[in-house]
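Structure at a glance
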Amino acid sequence: MQKILYTNARIATMVQGDTPYGLLDHGALATENGKIVWCGNRVDLPSRISSWPKHDLESRLITPGLIDCHTHVVHGGERSKEFALRLEGASYEEIARAGGGILSTLKATRSLSEDQLIDEALPRVDEMIGEGVTTLEIKSGYGLDIENEVKMLRAARRIGKLRPLRVKTSFLGAHAVPPEFAGRADAYIEEICLSALEAAHQQGLVDAVDGFCEGIAFSPQQIERVFTLAQSLGLPVKLHAEQLSNLDGARLAAKFHALSADHLEYLDEPGVAAMAKAGTIAVILPGAFYTLGEKTKPPVALFRKYRIPMAVATDCNPGSSPLFSILLTMNMACTLFQLTAEEALEGATRHAAHALGLDDCGTITAGKRADLAIWNVDHPRELSYRIGFNPLYSRVLGGDI
Ligand code: NIG
Ligand code: FE
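A brief look at the structure comes next. (Residues numbered from 1 in each chain as written. Chains lettered and ligands numbered in written order. Predicted model: local features only at pLDDT ≥ 70, side-chain atom pairs only at ≥ 80, totals over all residues. Heavy atoms only, no water.)

Taken together, 15 residues form the shell around ligand 1, and within it R79, Y92, Y142, Q243 and S320 come nearest. H175 places a polar side-chain atom, nitrogen or oxygen, 2.8 Å from a nitrogen atom of ligand 1. Between ligand 1 and D315, the relevant distance is 2.9 Å, taken from an oxygen atom to a side-chain nitrogen or oxygen of the residue. With the chains in place, 100% of the 320 Å² that ligand 1 exposes on its own is no longer accessible. For ligand 1, the cavity whose grid points lie within 2 Å of the majority of its atoms is the largest cavity. Considering only residue class, the shell around ligand 1 consists of four nonpolar, nine polar and two charged. (Near = heavy atom within 4 Å. Polar contact = N/O pair within 3.5 Å; in protein donor to acceptor, adjacent residues only side chain to side chain. Areas by Shrake-Rupley, 256 points an atom, 1.4 Å probe, with all protein chains shown as cover. 1 Å grid on protein atoms, 1.4 Å probe; cavity = no way out; pocket = protein on both sides within 12 Å on 5 of 7 lines; lining within 4 Å. Sits in = over half its atoms within 2 Å of the grid points. Nonpolar A, V, L, I, M, F, W, Y, C, P; charged D, E, K, R; others polar.)

Evaluation of the coordinates by the stated rule reveals 23 salt bridges. With a shortest N-O distance of 2.6 Å, R163 and D126 are connected by a salt bridge. In this pair, R163 is assigned in the loop between helix 6 (146-162) and strand 8 (166-174) and D126 in helix 5 (residues 114-130), connecting sequence segments 37 residues apart. Given the relative accessible area of 26%, R163 is considered partly exposed. Classification of D126 by relative accessible area gives partly exposed; the value is 31%. When salt bridges that share partners are traced, they join E114, D115, R154 and R158 into one network. (Salt bridge = Lys/Arg side-chain N within 4 Å of Asp/Glu carboxyl O. Helix = DSSP H or I, 4+ residues; strand = E, 2+ residues; numbered from the N terminus. Buried < 20%, exposed > 50% of the residue type's maximum accessible area, 1.4 Å probe, protein only.)

Sheet architecture is open: four strands sit in the order 6-7-8-9, paired in parallel fashion. The sheet terminates laterally at strand 6 (66-68) and strand 9 (208-211), the two strands that pair on one side only. In this sheet, neighbouring strand axes are inclined to one another by 25 degrees on average, regardless of whether the strands run parallel or antiparallel. Direction of pairing for strand 6 relative to strand 7 (residues 133-139): parallel, over a ladder of three bridges. (Pairing = 2+ DSSP bridges. Axes fitted to C-alpha atoms, helices over the stretch in contact; angles between N-to-C directions.)

What follows deals with the coordination of the iron ion (ligand 2). Listed as protein donors to the iron ion (ligand 2) are H70 (NE2), H72 (NE2), H240 (NE2) and D315 (OD); their distances from the metal cover 2.1 to 2.4 Å. Each donor residue of the iron ion (ligand 2) lies on the same chain, and together they follow the pattern H-x1-H-x167-H-x74-D. With H240 in strand 10 (residues 238-241) and D315 in the loop between strand 13 (310-312) and helix 13 (326-337), this pair connects stretches of sequence that are 75 residues apart. On the accessibility criterion, H240 (2% relative accessible area) is buried. Assessed through its relative accessible area of 1%, D315 is described here as buried. (Donors = N, O, S within 2.8 Å, 3.2 Å for Na, K, Ca; no water.)

Moving on: the pairing of strand 11 (residues 260-263). Inspection of the sheet shows strand 10 paired to strand 11 by four bridges, in the parallel sense. For K238, the partnering residue across the bridge sits in strand 11 and is S260. Following the chain from strand 10 across helix 9 (residues 249-255) to the adjacent parallel strand 11, one finds a crossover that is right-handed. With three bridges connecting them, strand 11 and strand 12 (residues 281-284) associate as parallel partners. If you follow D262 over to strand 12, its bridge partner there is V283. (Right-handed = clockwise from strand over helix to strand, strands pointing away.)

This part covers helix 8 (residues 220-233). For helix 8, with 14 residues, the first-to-last C-alpha span of 20 Å sits near the 20 Å given by 1.5 Å per residue. Here helix 8 has its buried residues at P220, Q222, I223, V226, F227, L229 and A230. On its buried face, helix 8 is in contact with strand 8, helix 7 (185-202), strand 9, strand 10 and helix 9. In the stretch just after helix 8, G234 is the one whose phi turns positive, near 80 degrees. (Expected span 1.5 Å × (residues − 1). Contact = heavy atoms within 4.5 Å.)

Next comes the structure, spelled out in structure tokens:
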């Protein structure tokens with residue numbers, strides 16, 4: 001495969017060290033066979049590489065390809081009616097309890113074929129790719145029966161073949177209780193959710209197992225049933241936890257050494273401590289906080305105190321976060337939650353990779369995949385600074401421009 005030497009570049013390697021962003025002002029970067037083989041200061045370039053075909057970046061900035069580690073981008077329909085209802089004062093929980101919310105997307109998702117689901121998702125995914133996203137996590141969770149959960153995951157995986165994009169899939173059968181099991185959440189878990197997970201796993205469609213631990217969804221005990229099966233299948237877990245209330249979901253996630261706990265607005269210090277001990281990453285989702293007019297912020301100061309890495313993601317979904325822009329999400333993480341611009345970019349690169357259990361991307365280091373974003377900006381902080389402006393110049397996936 002092609003050898004390329006990127007020259008005349010600023011490079012935000014995102015490697016942790018003394019320099020913010022791991023920034024190289026006069027950098028060069030070489031890729032071969034889909035991997036980064038060398039990255040450093042131009043003056044240190046080894047002579048065996050200096051004759052490779054060159055791509056002069058004219059002082060542009062290279063960052064790792066962005067990683068959106070929490071999305072529900074595969075779904076049917078839209079929920080603007082609920083947007084209008086919330087503007088009139090209805091809450092997310094009230095709408096959900098009245099049969100709207102996730103259940104309204106369930107109906108729309110079940111009614112579409114796998115091909116139709118893909119057709120609806122692709123324009124959204126293309127927006128994400130257009131902002132430099134190279135790895136995208138996609139959850140199931142709007143099928144809530146065996147056939148439709150598998151359909152969603154298949155659609156998600158096919159998107160990764162139809163587009164130059166790495167897709168990671170999470171099984172989210174424990175997202176809501178479907179109408180045919182209304183009032184019988186335990187029975188839904190035992191009779192459907194566990195079998196759906198086994199079926200999806202057997203077909204090789206699951207990278208991780210997720211759940212929604214909340215009053216309007218599932219109790220920690222019910223989530224534990226799903227996590228226990230995940231563990232026995234050798235699958236890592238993650239959890240929507242402490243989004244609307246504190247049910248101690250993050251502690252449960254930590255008990256199962258979860259890759260991440262996500263949302264976390266209502267998390268308390270014991271929960272933070274448990275996450276720190278387990279190495280569970282905090283995924284913060286400012287889009288849902290913003291859309292739902294939430295007032296309680298995730299405990300960012302405690303995450304820093306306990307050195308818990310914070311990932312940042314869109315949570316792209318038709319209800320609580322109709323947000324497609326990872327750049328805007330980074331800006332919101334700064335403006336709404338007071339992350340630094342460096343933390344926001346770490347959140348969409350290095351820490352997002354770890355939230356997906358990935359070690360081969362998220363920083364610019366020799367040996368990692370050549371998944372890169374190249375920007376028309378001078379400094380990496382600019383990526384979090386502007387609102388509604390996309391400075392992407394080019395994107396590289398597995399070495400391919
Ligand atoms: O991450 N919190 C639960 N799940 C989604 C919302 C899903 C929906 O409202 O459709 C979330 O916010
Ligand atoms: Fe979510």
